[in-house]
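Reading the structure
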Amino acid sequence: NSRTISLLSQLEKINLDSVVGESDHARYVTAKILHLVQSQEKTRKEMTSKGSTGIEVILSTLEVKFPNFCGCGFIEVLHFIIRKNIYIYCGGQRASVLVTKGGTQILLQLLLTASKDSPPNEELMVLLHTLLAKIGPKDKKIGVKARINGALNISLNLVKHNLQNHRLVLPCLQVLRVYSTNSVNAVSLGKNGVVELMFKIIGPFSKRNTSLMKVALDTLAALLKSKTNARRAVDRGYVQVLLTIYVDWHRHDSRHRYMLIRKGVLQCIKSVTNIKLGRKAFIDANGMKILYNTSQECLAVRTLDPLVNTSSLIMRKCFPKNRLPLPTIKSAFHFQLPVIPASGPVAQLYNLPPDVDDVVDESDDNDDAETESEIETEIEDDKDQHFKNDDIETDINKLKPRQELGRPIEELKMYEHFFPELSENFQEWDLDSKEPKPFVPDANLSGPIVVPTASVE
């Protein structure tokens, strides 16, 4: 009997009817629902409560009536429903409700439909991407759904053509960050130039648009986890660019207000150095000295410990590996052999220059990009299917442990008279002779046969 239920009932009738003036009436009903959702937490709770059909009605309206009129009002209703309240932290739970009702699929279809307009509605694109970025972490299959629906490159094209429109670029980057968690999507986006696009957004120190810079770095770090994208970044010399950007932010951020941005740059370097070419490029760009010096300056500030830890991981990963004993200056201790032969592998090891890495890096980072993409696709398909391991033994008899006696049966028979119940030879004892006698039931007894028992003194 509430006002919200009444408005939802009117909206259901609009979905079923095809009246000429339905658009105006739908806008009126949507405006009323939006006002209630914006002003009352009770309404938001009522629409997402168990047994409520509020989310289904709004999603069905978006799916059926979207081509007839702009659905910005309906998307705003969903946006305010899942928005986190300052005092009631339930936005994540409500986003999960929206995902379970099929909201991701419908929003991706709306995004595909809205992108066909020329030019696309900016307000609608901002709302759709903002909503997808919020429900994306709650839907593990959003990357696969976006690729199947053909909505993967829509956000990328919007960023390419609206680099100066930060209001539109920010939610698009948030959606790309969600898409990039899927390895197949990361490879596909990398082929369309997303890595080069990210380096156009990130840049030297600037206090303007720091939130956009942070999201762009997080997206780039997720993209560079793919070996194909990492090789592309190394080939274009972006390792040196990342080190330069990190040094610039380190020098200008004297009050340490932008620690998350500096950590984002380090995460990108960490992703690039997962391959051998990236580690070599890092060494050639004097990255070891840069990270060591910056880490020394960060040791005095406890809040910068994440930067020191990440820098230490990168330096440990990229530091040249050598076999013991180390006769070069790279070792803190010198293990001198008692006898060094004049020729052979040991003599060659001792004659190496100090800057030579004598351990071969056997990482498999030289695979073809297409082969890697196929392997990642197969891995993803395997995760979706039920995997049965044929090596697991299912025969219960074979799994039972075999119990072996500590002594032979012949030796154990000497203890048989101590445990007559184990011989399964139950007989009646004669109290006079104290000997067992066979039990013969009385033929006159009509009731059940009961075996008498007696104790032996």
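Higher on the page you've got the structure.
Okay, so let's go over this structure. The structure displayed is predicted, hence computed values, not measured ones.

When helices and strands are tallied, the protein chain shows 24 helices and two strands. Burial status across the protein chain gives 40% buried among its 457 residues. Long-range contacts, defined as pairs at least 24 residues apart, comprise 71% of the intrachain contacts of the protein chain with a sequence gap of at least 6. Looking at the protein chain as shown, the accessible area adds up to about 28100 Å², and 54% of this sits on carbon and sulfur atoms.

Moving on, we come to helix H14 (residues 210–223). For H14, with 14 residues, the first-to-last C-alpha span of 20 Å sits near the 20 Å given by 1.5 Å per residue. The buried fraction of H14 amounts to 10 of the 14 residues, a majority that puts the element mostly inside the structure. Three or more residues of H14 are buried, namely Leu-212, Met-213, Val-215, Ala-216, Leu-217, Thr-219, Leu-220, Ala-221, Ala-222 and Leu-223. In the core, the buried residues of H14 are packed alongside helix H11 (166–179), helix H12 (183–191), helix H13 (194–201), helix H15 (227–235), helix H16 (238–252) and helix H17 (259–272).

Across the interface, helix H18 (residues 276–284) lies against helix H20 (residues 305–318) with an axial gap of 10 Å and an inter-helix angle of 105°. Between H18 and H20, the crossing angle belongs to the class labelled roughly perpendicular. On H20, the residues touching Arg-279, Phe-282 and Ile-283 of H18 are Ile-314, Lys-317 and Cys-318. A breakdown of the residues in the contact of H18 with H20 according to their chemical character gives four nonpolar, no polar and two charged.

With 14 residues, H17 ought to run about 20 Å at 1.5 Å a step, and its terminal C-alpha atoms sit 20 Å apart, in line with that. In terms of residue burial, H17 counts as a mostly covered element, since 10 of its 14 residues are buried. Of all the residues in H17, the buried ones are Met-259, Ile-261, Arg-262, Gly-264, Val-265, Leu-266, Cys-268, Ile-269, Ser-271 and Val-272. Contacts from the buried residues of H17 go to H14, H15, H16, H18, helix H19 (287–298) and H20.

The linkage connecting Ser-118 with the following residue, Pro-119, adopts the cis geometry, with an omega of -5°. Along the chain, the position of Pro-119 falls in the loop between helix H7 (103–114) and helix H8 (122–135). Phi at Asn-209 is positive, roughly 55°, even though this residue is not glycine. Its location among the elements puts Asn-209 in the loop between H13 and H14. A positive phi angle is found at Asn-286, which is not glycine, with a value near 60°. Here Asn-286 shows up in the loop between H18 and H19.

Turning next to the environment of Leu-107. Locating Leu-107 in the fold gives a position in helix H7. Exposure remark for Leu-107: the relative accessible area of 0% places this residue in the buried category. Leu-107 sits 48 residues away from Leu-59 along the chain, and the two C-alpha atoms are 8.8 Å apart. The residues contacting Leu-107, other than those within four sequence positions of it, are Leu-128, Leu-131, Leu-132 and Ile-135.

This paragraph deals with the side chain of His-129. When you line up the elements, His-129 lands in helix H8. For His-129, a relative accessible area of 0% translates into the label buried. Within the local environment of His-129, its side chain forms a polar contact with the backbone oxygen of Met-125, the two atoms lying 2.8 Å apart. Contact partners of His-129, with chain neighbours within four places excluded, come to Leu-111, Ser-155, Leu-158, Pro-171, Cys-172 and Val-175.

Turning to the nonpolar core, a few remarks are in order. Of all hydrophobic cores here, the largest spans 109 residues; its most connected members are Ile-33, Leu-173, Tyr-179, Ile-202, Leu-220, Leu-242 and Phe-282. Among the elements that make up this core, the one with the highest residue count is H8 (nine residues). Contact partners of Leu-242, with chain neighbours within four places excluded, come to Phe-199, Ile-202, Leu-220, Val-265, Cys-268, Ile-269 and Val-272.

Under the criterion given, the structure shown has four aromatic pairs. Look at Phe-205 and Trp-249: their rings are 4.9 Å apart centre to centre, the planes differ by 75°, and that puts the pair in the edge-to-face class. Note that Phe-205 is positioned in the loop between H13 and H14 and Trp-249 in helix H16, a separation of 44 residues in sequence. Judged by relative accessible area, Trp-249 falls into the buried class, the value being 1%. Between Trp-249 and Tyr-258 the ring centres are 5.7 Å apart and the planes differ by 75°, which places this aromatic pair in the edge-to-face class. Here a set of aromatic residues connected by ring pairs shows up, and it is made of Phe-205, Trp-249 and Tyr-258.

Glancing now at the pattern of salt bridges. If you walk through the whole model with that rule in mind, you get nine salt bridges. Salt-bridge contacts for Arg-167 lead to Glu-123; the nearest nitrogen and oxygen are separated by 2.8 Å. With Arg-167 in helix H11 and Glu-123 in helix H8, this residue pair connects regions lying 44 residues apart in the sequence. On the accessibility criterion, Glu-123 (33% relative accessible area) is partly exposed. The salt bridge involving Asp-253 is made with Arg-262; its shortest N-O contact spans 3.2 Å. With respect to class, Asp-253 is no different from Arg-262; both count as buried. A single network of salt bridges, built from pairs that share partners, joins Glu-122, Glu-123 and Arg-167.

Here is what the cut-offs are and how they apply
Residues numbered from 1 in each chain as written. Predicted model: local features only at pLDDT ≥ 70, side-chain atom pairs only at ≥ 80, totals over all residues. Heavy atoms only, no water. Helix = DSSP H or I, 4+ residues; strand = E, 2+ residues; numbered from the N terminus. Buried < 20%, exposed > 50% of the residue type's maximum accessible area, 1.4 Å probe, protein only. Contact = heavy atoms within 4.5 Å. Areas by Shrake-Rupley, 256 points an atom, 1.4 Å probe, with all protein chains shown as cover. Expected span 1.5 Å × (residues − 1). Axes fitted to C-alpha atoms, helices over the stretch in contact; angles between N-to-C directions. Parallel < 35°, antiparallel > 145°, perpendicular 65-115°, else oblique. Nonpolar A, V, L, I, M, F, W, Y, C, P; charged D, E, K, R; others polar. Polar contact = N/O pair within 3.5 Å; in protein donor to acceptor, adjacent residues only side chain to side chain. Core = buried A, V, L, I, M, F, W, Y, C linked by side-chain atoms within 4.5 Å. Phe/Tyr/Trp six-rings, centres within 6.5 Å; stacked < 30°, edge-to-face > 60°. Salt bridge = Lys/Arg side-chain N within 4 Å of Asp/Glu carboxyl O.

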